[in-house]
Amino acid sequence: MSVINGAISIVLGIAGGIAVGSGVIALILVLDMIPRLAQVTQSYDKTHWYEGALIGGSLLGTVADFWHWKMHGIMLLSPIVGLFCGVFIGLLAAALTEVLNVLPVLAKRLGMRSYLFGLLLAMILGKMTGSLFDFFVYQR
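Residues numbered from 1 in each chain as written. Predicted model: local features only at pLDDT ≥ 70, side-chain atom pairs only at ≥ 80, totals over all residues. Heavy atoms only, no water.

- Under an unreviewed UniProt entry, the name given to the protein is Stage V sporulation protein AB, and the organism recorded is Paenibacillus cucumis.

## Observations regarding the overall build of the protein
And step 1. A count of helices and strands for the protein gives six helices and zero strands.
And step 2. Relative to the globule expectation of 14 Å for 140 residues, the C-alpha radius of gyration of the protein, 20 Å, shows a markedly less compact shape.
And step 3. Seen through its principal axes, the protein has C-alpha atoms that stretch 55 × 45 × 25 Å.
And step 4. Here the protein holds 140 residues, and 9% of them are scored as buried.
And step 5. Pairs at least 24 residues apart make up 38% of the contacts formed inside the protein by residues separated by at least 6 positions.
And step 6. Accessible surface computed for the protein: about 11800 Å², of which carbon and sulfur atoms make up 74%. (Helix = DSSP H or I, 4+ residues; strand = E, 2+ residues; numbered from the N terminus. Rg over C-alpha atoms; globule rule 2.2 N^0.38 Å. Buried < 20%, exposed > 50% of the residue type's maximum accessible area, 1.4 Å probe, protein only. Contact = heavy atoms within 4.5 Å. Areas by Shrake-Rupley, 256 points an atom, 1.4 Å probe, with all protein chains shown as cover.)

## Describing the UniProt feature "transmembrane region" (unreviewed entry) in the protein
And step 1. Mapped onto this structure's residue numbering, the UniProt feature "transmembrane region" (unreviewed entry) falls at residues 7-29, 49-67, 74-95 and 115-138.
And step 2. The annotated region residues 7-29 carries 100% helix and 0% strand content, and the separation between its end C-alpha atoms amounts to 33 Å. (UniProt positions renumbered as here; feature names shortened; annotations may be inferred.)

## Focus: unusual backbone geometry
And step 1. Unusually for a residue other than glycine, Gln42 sits at a positive phi of about 50°.
And step 2. Considering the arrangement of structural elements, one finds Gln42 in the loop between α2 (33-41) and α3 (47-66).
And step 3. Given the relative accessible area of 68%, Gln42 is considered exposed.

## Notes on the packing of α2 against α3
Relative placement of two packed helices is described by the angle separating their axes and the distance separating the axes.
And step 1. For the pair α2 and α3, interaxial distance at closest approach is 10 Å and the crossing angle is 135°. For the element pair α2 / α3, the angle class is oblique. Read as a crossing pair, α2 and α3 show a hand that is right-handed. On α3, the residues that touch Ile34, Leu37, Ala38 and Thr41 of α2 are Thr47, Tyr50, Glu51 and Leu54.
And step 2. Taken together, the residues of the contact of α2 with α3 break down into five nonpolar, two polar and one charged. (Axes fitted to C-alpha atoms, helices over the stretch in contact; angles between N-to-C directions. Parallel < 35°, antiparallel > 145°, perpendicular 65-115°, else oblique. Left-handed = near helix turned anticlockwise from the far one by under 90°. Nonpolar A, V, L, I, M, F, W, Y, C, P; charged D, E, K, R; others polar.)

## A few points about the pattern of salt bridges
And step 1. Applying the stated criterion to the full structure yields one salt bridge.
And step 2. Among the salt bridges present, the one from Asp45 reaches Lys46, with a minimum N-O distance of 3.4 Å. (Salt bridge = Lys/Arg side-chain N within 4 Å of Asp/Glu carboxyl O.)

## Describing the packing of aromatic side chains
And step 1. Under the criterion given, the structure shown has two aromatic pairs.
And step 2. Plain terms: the ring middles of Trp67 and Trp69 are 6.3 Å apart, the flat faces sit at 40° to each other, and that makes the pair tilted.
And step 3. Among the residues examined, Trp69 registers a relative accessible area of 49% and is labelled partly exposed.
And step 4. Ring geometry for Phe135 versus Phe136: centroids 5.0 Å apart, planes at 80°, classification edge-to-face. (Phe/Tyr/Trp six-rings, centres within 6.5 Å; stacked < 30°, edge-to-face > 60°.)

In structure tokens:
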């Protein structure tokens, strides 16, 4: 590998990481996961703990994936990690459900009420097509 190819790989890797990280953070911000969690649990004074846990978990997960960390022989830890992952997925699903409730209101205000079915169908088909493309093309 030449120096130019290495430099291009580094720049593309950093750019891709910034793009994906920004997208995840934008999703979490748009869905208002942390303020909503504080509202549901009535723990507004603990929002800095929620933010720290989110950042720390993201950083730990990235480092563990980057350096291929493996944990052998710790079977008791697996249910705890699974529980935390389930809580996060549940919060994300609840936040997405609240965002989907906004679509009919937005369509009514923009005068696109008759196109709402097409809009939802386009979102679903786009997600399905992207997933299939990733599975059949990029995974090879």
